[in-house]
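An overview of the molecular structure
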Amino acid sequence: MKQVRVFAPASVANLAVGYDILGLALESPGDEVVVKIGTKPGLTISKITGDGGKLPYDIEKNTAGFAALQYLRSIGKDQLPIEMEIHKKMAMGTGLGSSAASAVAGVFGVNAYLGQPVGKEDLLKFCVEGEQKADGAYHADNVAPSLLGGIILIRSNETLEITQIPVPSDLYLSMVYPHIEVLTSESRAILSENVSLLNMIAQTGNIATFIAGCYESNYDKIGQSLTDVIIEPQRAHLISGFYDYKEIALNNGALGFSISGAGPSMFALCKGKDTADNILEQFAQYLEENRIKADIFTSKVNTEGAKVIG
Ligand code: HSE
């Protein structure tokens, strides 16, 4: 193939009740990668746009580059002359899986360029290895949905056993990304190593009921179960006004509201587009009243994941 351009979407990890083991893909934003023949042996990055000069060109240090290199090594083709352009279309450090989208686009792009010798699900390992470059942790709750689409449950991040959970057709998200920086590494470092038995019981009951709700398209069950008693209380202070946004969302009919990934983005999960649109309007009003700079948008769950776009 002469050249291929791919897209990998943003994602919402944790979904309130599944820290490190649950995530979903958004329709947009997302990153794009172009893959074409190179001028010298091996993988090189020829262009990076949209990153404000922050990302390294060194393949070993770049999330997309390293993920793609690990993939190429695994199939014995790391000496093929391949050139990669990375087009960041989403801000970094948002809690929307920006580094995951880059890693996925890198691996998926190179695999597509080579005529898809490896199945999509088998690319997951390399995407996780790439994302690990960014936050130092090995978890698939952003890369798996970005790659495969939909809502993904991860039984084990070690063995990467995953299950694609059915997506109820009327699920929408209202997203807020306040322009503050929350470092994933710090947002992870502040978490306590211990969980009380009572919280363990509440959280496992909630995640199990959330999954059941998705299988049954039962929005009542989804709404009853979207409460995080473990991670959110420890991270909420990192996002100024967190409980104001939560109150707005829940008072206006959201099924649930929590932090997207490690933050600072937040999501309201809603039944129906009208509810999501209305909550977005309420968020806009709150942001204006409090002079807070933020991006807001609605999205359905993206069930396709990474795709070839040109
Ligand atoms: N599950 C991860 C976290 C997602 O909450 O830290 C962010 O990378």
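Residues numbered from 1 in each chain as written. Predicted model: local features only at pLDDT ≥ 70, side-chain atom pairs only at ≥ 80, totals over all residues. Heavy atoms only, no water.

**Structural notes on the pattern of salt bridges**
Applying the stated rule across the entire model yields 11 salt bridges. The shortest N-O distance in the salt bridge between Lys125 and Glu129 comes to 3.3 Å. Taken together, the positions of Lys125 and Glu129, both in helix α3 (residues 124–135) and four residues apart, correspond to about one turn of that helix. Residue class for Lys125 comes out partly exposed when judged on its relative accessible area of 41%. (Salt bridge = Lys/Arg side-chain N within 4 Å of Asp/Glu carboxyl O. Helix = DSSP H or I, 4+ residues; strand = E, 2+ residues; numbered from the N terminus. Buried < 20%, exposed > 50% of the residue type's maximum accessible area, 1.4 Å probe, protein only.)

**With respect to the nonpolar core**
Of all hydrophobic cores here, the largest spans 71 residues; its most connected members are Leu24, Leu26, Leu147, Ile151, Leu173, Phe210 and Leu269. The element contributing the most residues to this core is helix α2 (residues 98–113), with 10 residues. Excluding residues within four positions of it along the chain, Ile151 makes contact with Leu15, Leu22, Gly23, Leu24, Thr163, Gln164, Ile165, Pro166, Val167, Leu171, Cys214 and Val301. One finds Tyr172, Tyr245, Ala254 and Ile259 within the second-largest nonpolar core, a separate group that totals 19 residues. (Core = buried A, V, L, I, M, F, W, Y, C linked by side-chain atoms within 4.5 Å. Contact = heavy atoms within 4.5 Å.)

**Focus: the domain arrangement of the protein**
In many analyses, interface size is given as the accessible surface area lost on bringing the parts together. By domain assignment, the protein separates into domain 1 (3–165 + 303–308) and domain 2 (171–300). Taking the mean C-alpha position of each, domain 1 and domain 2 sit 24 Å from one another. Across the boundary between the two partners, domain 1 contributes 31 residues, which contact 33 residues of domain 2. If you sort the residues of domain 1 by the area they bury against domain 2, Ala16, Val17 and Tyr19 come out on top, with a joint share of 27%. Joining domain 1 to domain 2, the criterion identifies one salt bridge. Measuring nitrogen to oxygen at the nearest pair gives 2.8 Å for the salt bridge that ties Arg188 to Asp20. Residue assignment for the side of domain 1 that touches domain 2 shows that the elements contributing at least two residues are β1 (3–13), β2 (22–37), β5 (151–156) and β6 (161–165). Its residues assigned to classes, the side of domain 1 that touches domain 2 shows 18 nonpolar, 10 polar and three charged. (Domains from an automatic or database assignment. Buried area = accessible area lost by both parts, 1.4 Å probe. Nonpolar A, V, L, I, M, F, W, Y, C, P; charged D, E, K, R; others polar.)

**Things to note about the sheet that holds strand β7 (residues 171–178)**
The strand order across the open sheet built from four strands is β8-β9-β7-β10, with neighbouring strands paired in antiparallel fashion. On the outer flanks of this sheet lie β8 (256–259) and β10 (294–300), each paired with one strand and no other. Ignoring strand direction, the axes of neighbouring strands in this sheet form an average angle of 20 degrees. Examined bridge by bridge, β7 and β10 share seven bridges and lie antiparallel to one another. In the strand pairing of β10, Leu173 is matched with Ser299. (Pairing = 2+ DSSP bridges. Axes fitted to C-alpha atoms, helices over the stretch in contact; angles between N-to-C directions.)

**Let's talk about unusual backbone geometry**
For the bond from Ser28 to Pro29, the omega torsion is 0 degrees, close enough to zero to count as cis. Tracing the backbone through its elements, the reader meets Pro29 in strand β2. Residues Gly263 and Pro264 are joined by a peptide bond in cis, for which omega reads 10 degrees. Despite not being glycine, Asn14 has its phi angle at roughly 80 degrees, a positive value. Looking at the secondary structure, you find Asn14 in the loop between β1 and β2. Positioned with a positive phi, Ala16 is a non-glycine residue whose angle comes to about 70 degrees. Ala16 gets classed as buried once you look at its relative accessible area, which sits at 4%.

**A look at empty space enclosed by the protein**
For the coordinates displayed, the defined rule picks out one cavity of 30 Å³ or more. Around the largest cavity sit Asn14, Ala16, Asp228, Ile231, Glu232, Arg235, Ser258, Ile259 and Gly261, which together line it. Those elements that provide at least two residues to the lining of the largest cavity are α8 (232–235) and β8. Grouping the constituent residues of the lining of the largest cavity by class yields three nonpolar, three polar and three charged. (1 Å grid on protein atoms, 1.4 Å probe; cavity = no way out; pocket = protein on both sides within 12 Å on 5 of 7 lines; lining within 4 Å. Points joined across faces, edges and corners; volume = space filled by probe spheres on them.)

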